[in-house]
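An overview of the molecular structure
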Amino acid sequence: MRRLALLCAVVALLAVLLACTQVATPLPTATKAPPTSPPADTPPPAETPAEAVEPTATEGAAADVGLTGEELVALAVETLQQAGCGACHEIAGVPGAEGQIGPSLSELGRVAQERLQSAEYTGSATTAEEYIRESIVDPNAYTVSECPGGPCVAGQMPTTYGQTLTPEQLEAVVAYLVSLPEGAVQVPAEATPVAEAEGPPPLTEEELARAKEIYFNNCAGCHGTLRKGATGPALTPDTTRPKGTEALAAIIFSGTPRGMPAWGAEGRLTREEVELMAKFVQHDPPPPPEMSMEQMMASWQVFVPPEERPTEPQHDRDWENFFSVTLRDAGQVAIIDGDTKEIVSVVDTGYAVHISRMSATGRYVYTIGRDGKAVLIDLWMEKPDKVAEVKVCYDARSIEVSKYRGELGDFYDKYAIVGCYWPPHFVILDGQTLEPIKVVSTRGYTYDTEEFHPEPRVASIVASHFSPEWVVNVKETGHVWLVDYSDPNNPSIKMIEAELFLHDGGWDATRRYFLVAANARNKIAVVDTKERELEALVDVGDTPHPGRGVNFVDPEYGPVWCTVHLGEPLLSCIGTDPENNPEYAWKAVRNVELLGGGSLFVKSHPNSRWIWVDFPLNPDEEVQRSVCVIDKENPAEIAKCWQVADYGRAVHIEYNKAGDEVWISVWGSADTPGKTGELVIYDDATLEEKARIKDLVTPTGKFNVYNTANDIY
Ligand code: DHE
């Protein structure tokens, strides 16, 4: 009832406004819809007097569907709102239609004519009306090249509107859009988008539980458990409800050019799941549980106590050249011998294992899963296996070890730290047993506005080489915390103001400066771990995502560290040598255009001639499966690109210990036999393929023991 009343009010208001608009601005004649043939028994129309006024386009189209001009416009506006078109497009006259994903439709009547005449047009329309109708019912007939956020992505607009809109709705929308810009109705200041006024769509208890699970597994990483946004935008009801279910479903189904995967189109969620999530994000985020030390202790298990572990390696393999390979959807890591390429052991770790880090000596592998479970693997065992595990949160991404040995003590293999997404805290663990020692909350105030944030998540963590400290990057408050672990029960913390939404990063070649992406701010924050202060904030491209980044000596600019970007096809290299090359220090001096956006990782090795980049989040399948190399001697442009596989995504690059071999993962699909994934190994000197380790279940990150322990990249 409430909704009907609201619609009536909108229609009435629009009718009044339309009347005013039409008097002021006659619609272009090109917008007139073709007349339908009269029935055979209809008497011939009276001759039109010479001075008779031509009906406007909307009036002509309205007559065709038996509506008045006002009713037709009201129907068009209502349809555009309910179909959620405004979530992706800006549309003049439609309340809340301010989307920036697709092209603006606010001048479509004029623009359609230009597009029809352009040599690029690939559809079959010959008039503006036909063009608009075609772009609604067959959106893939032609993809406009430029969208507000960059190049438009083919296949992004749903193809179902031809079935879901009634013929009247379709004709009303076509007639209204073809009348733009002149025919735009004024949006009254008090007009609210339909969906916002209505509240969230109802969900059963069962649906809520399912949606919570899907959200946690797929969405929380980028949008936050409380949906306040970070790498992805905020998804709180004030931002989602105005978009409405259809538009949200369209975005979830098709993804966005700024890196959101096409969850539906790629088959990762079913149509029903997409719709469920579109409804779920219009509800208030359900509060997730906290986790106590008691719960952590209850999950803690030591399978082999330190005193029962070998005192020397129990095999003849070069364990420093082992790789710990994440088998993401199997909840396992494979320990692979880098010399023989044999799988030495497969260890059950945690759900969706994220990364591995090695102890300072390299003997132990520490893994962290998205379920917050940390696992310790001993590489000296005859068959490497887990010797301890503990769950310290519900959602985590980072783990690191103590790496300081010097005047202040020997902390090799002594402690570990897990950085959690939820609850927002970090936990210091015993490095030999994983017994939790200390929990520290990261809840606090943002560095810039000093506003309380309930969910500041721990992103990357690295161990300082200058003091017994971890560099802990707190995403949502924009602080870099230097956490002294020399007295882990009483840790002192220095908070450094940096930039919002800190994510991943790596060391410069001297391992004094840590460079971390503030990815939603398009900046790299540089922390000096010797002086224990912020050194610089450097502007780079759209959404930097370096992994650990790459170091090399640029022929023009001297030592640089580089990052790739999610949001644009760009490698940006920052000067890192303030002593000998001060004019280039902390500036993005080298920018190299890449094959596409959607890069996640860049990697090199001091012994290598090449810089390698991947593109796993690029919407184009061929690009997703490709890698490129850039010659360090001639870094102005890409030297070579190629496809690593004919399925999946090529993701994450890692060198062997000698730095003469490169390993790349093909991230397949766990339920597609033969295409679950593999590792492709290249000779770094010749770029020739050397080997494939096939039939691995969704391999993603892989970490060479020696390079990871020694921070070599
Ligand atoms: Fe990662 C590193 C967070 C998605 C593979 N990822 C990191 C780090 C963070 C992070 C904070 C730095 C850890 C450190 O150095 O201590 N990753 C996140 C997310 O929040 C995000 C964007 C979304 C999510 O839901 O998790 C995300 N990451 C992914 C993936 O989808 C990847 C490709 C596959 C996977 O395993 O899930 C992926 N992330 C990796 C890898 C690293 C990583 C391989 C380590 C890179 C390295 O060379 O050290």
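Each value, and the rule that gives it
Residues numbered from 1 in each chain as written. Predicted model: local features only at pLDDT ≥ 70, side-chain atom pairs only at ≥ 80, totals over all residues. Heavy atoms only, no water. Near = heavy atom within 4 Å. Polar contact = N/O pair within 3.5 Å; in protein donor to acceptor, adjacent residues only side chain to side chain. Helix = DSSP H or I, 4+ residues; strand = E, 2+ residues; numbered from the N terminus. Nonpolar A, V, L, I, M, F, W, Y, C, P; charged D, E, K, R; others polar. Pairing = 2+ DSSP bridges. Axes fitted to C-alpha atoms, helices over the stretch in contact; angles between N-to-C directions. Core = buried A, V, L, I, M, F, W, Y, C linked by side-chain atoms within 4.5 Å. Buried < 20%, exposed > 50% of the residue type's maximum accessible area, 1.4 Å probe, protein only. Contact = heavy atoms within 4.5 Å. Donors = N, O, S within 2.8 Å, 3.2 Å for Na, K, Ca; no water. Expected span 1.5 Å × (residues − 1). Salt bridge = Lys/Arg side-chain N within 4 Å of Asp/Glu carboxyl O. 1 Å grid on protein atoms, 1.4 Å probe; cavity = no way out; pocket = protein on both sides within 12 Å on 5 of 7 lines; lining within 4 Å. Points joined across faces, edges and corners; volume = space filled by probe spheres on them. Parallel < 35°, antiparallel > 145°, perpendicular 65-115°, else oblique. pLDDT = per-residue confidence, 0-100. Disulfide = S-S within 2.5 Å. Phe/Tyr/Trp six-rings, centres within 6.5 Å; stacked < 30°, edge-to-face > 60°.

Now for the site of the ligand. Neighbouring residues of the ligand: 25 residues in total, closest His354, Arg370, Arg397, Tyr421 and Arg548. One of the side-chain nitrogen or oxygen atoms of histidine 652 is found 2.8 Å away from an oxygen atom of the ligand. Broken down by element, the residue count for the shell around the ligand peaks at four residues, all from strand 7 (residues 353–358). Tallied by class, residues from the shell around the ligand come to 10 nonpolar, eight polar and seven charged.

Working definition: the strands of a sheet are paired by backbone hydrogen bonds and lie parallel or antiparallel to each other. Read across the open sheet, the four strands follow the order 23-24-25-26; overall the sheet is antiparallel. Each edge of the open sheet is held by one strand with a lone partner, namely strand 23 (502–507) and strand 26 (533–539). Neighbour-to-neighbour, the strand axes of this sheet turn through a mean angle of 25 degrees, independent of strand direction. Relative to strand 24 (residues 513–518), strand 23 runs antiparallel, the two being bridged by four bridges. Paired with leucine 502 across the strands is alanine 518, a residue of strand 24.

Another point: the nonpolar core. The biggest cluster of nonpolar side chains holds 40 residues, and the ones touching the most others in it are Val392, Val418 and Leu429. Setting aside residues no more than four positions away along its own chain, leucine 429 makes contact with Ala374, Val390, Val392, Lys414, Tyr415, Ala416, Val418, Leu434, Glu435, Pro436 and Ile437. Among the nonpolar cores identified, the runner-up in size contains 38 residues, and Ala76, Leu105, Cys152 and Ala184 belong to it.

Right, let's get into the coordination of the iron atom of the ligand. In this structure the iron atom of the ligand is ligated by exactly one protein donor, His354 (NE2), at 2.3 Å. Inspection of the secondary structure assignment puts histidine 354 in strand 7.

Our focus in this paragraph is helix 7 (residues 167–178). Here helix 7 is 12 residues long and its end C-alpha atoms lie 16 Å apart, about the 16 Å a rise of 1.5 Å per residue gives. Of all 12 residues in helix 7, nine are buried; the element is thus mostly enclosed.

Bringing the pattern of salt bridges into the picture now. Under the defined criterion, the tally for this structure stands at 36 salt bridges. In this structure, arginine 649 and glutamate 266 form a salt bridge, with 2.7 Å as the shortest nitrogen-oxygen distance. Residue arginine 649 is located in strand 35 (residues 649–655), and its partner glutamate 266 is located in the loop between helix 11 (244–254) and helix 12 (271–280); the two are separated by 383 residues in the primary sequence. For arginine 649, a relative accessible area of 10% translates into the label buried. Relative accessible area serves as the criterion here: at 34%, glutamate 266 is assigned to the partly exposed category. Among the ionic pairs, arginine 625 bridges to glutamate 621, the shortest N-O distance being 3.7 Å. The exposure class assigned to arginine 625 is buried, which follows from its relative accessible area of 15%. If you follow the salt bridges from partner to partner, you end up with Glu678, Glu689, Arg692 and Lys694 in one network.

Within the structure shown, the criterion is met by two cavities of 30 Å³ or more. Here the largest cavity defines a volume of roughly 680 Å³. Every element with two or more residues in the lining of the largest cavity is listed here: helix 3 (69–82), helix 4 (108–117), helix 5 (128–137), helix 7 and helix 11. Of all the elements, helix 5 adds the most residues to the lining of the largest cavity, at five residues. Residues belonging to the lining of the largest cavity are distributed by class as follows: 28 nonpolar, 11 polar and three charged.

To continue, consider the sheet that holds strand 38 (residues 689–693). Pairing within the open sheet is antiparallel, and its four strands lie in the order 35-36-37-38. The open sheet is flanked by strand 35 and strand 38, the only strands paired with a single partner. Within the sheet, the average angular offset between the axes of one strand and its neighbour, ignoring direction, is 25 degrees. Here strand 35 pairs with strand 36 (residues 661–667) via six bridges, running antiparallel. When the sheet's bridge partners are listed, tyrosine 655 is paired in strand 36 with valine 662.

With that settled, the discussion passes to the packing of helix 9 (residues 205–223) against helix 12. One way to put it is that helix 9 packs onto helix 12 with a least axis distance of 10 Å and a crossing angle of 95 degrees. One finds that helix 9 runs roughly perpendicular with respect to helix 12. Where helix 9 approaches helix 12, its residues Glu207, Leu208, Arg210, Ala211, Lys212, Ile214, Tyr215 and Cys219 are matched on the opposing element by Glu273, Leu276, Met277 and Phe280. Here the residues of the contact of helix 9 with helix 12 sort into eight nonpolar, no polar and four charged.

The pLDDT averaged across the chain works out to 88; a share of 88% of its residues lies at or above 70. Considering only residues more than four positions removed or in separate chains, one finds that residues 1–53, a stretch of pLDDT under 50, has 53 contacts.

Applying the stated criterion to the full structure yields three disulfides. Disulfide partner of cysteine 562: cysteine 573, at an S-S distance of 2.3 Å. Disulfide cysteine 562-cysteine 573: the torsion about the S-S bond is 100 degrees, which places it as right-handed. One end of the pair, cysteine 562, is in strand 28 (residues 558–563); the other, cysteine 573, is in strand 29 (residues 570–575), with 11 residues separating them in the sequence. Judged by its relative accessible area of 1%, cysteine 573 is buried.

Now for the packing of aromatic side chains. Under the counting rule described, the total for this entry stands at 19 aromatic pairs. Centre to centre, the rings of phenylalanine 426 and tryptophan 481 are 6.2 Å apart; their planes meet at 80 degrees, and the pair counts as edge-to-face. Placement of phenylalanine 426 in strand 15 (residues 425–430) and of tryptophan 481 in strand 21 (residues 479–484) is noted, with a sequence separation of 55 residues between them. Note on phenylalanine 426: relative accessible area 0%, which makes it buried. Judged by its relative accessible area of 7%, tryptophan 481 falls in the buried class. Counting every residue linked through ring pairs, the aromatic cluster contains Tyr404, Phe411, Tyr415, Trp470 and Tyr485.

This part is about the pairing of strand 35. Every regular strand shows the same layout, with side chains that alternate between the two sheet faces. With seven of its seven residues buried, strand 35 lies for the most part within the structure. The hairpin formed by strand 35 and strand 36 contains five residues between the paired strands, and glycine 659 there has a positive phi angle of roughly 75 degrees.

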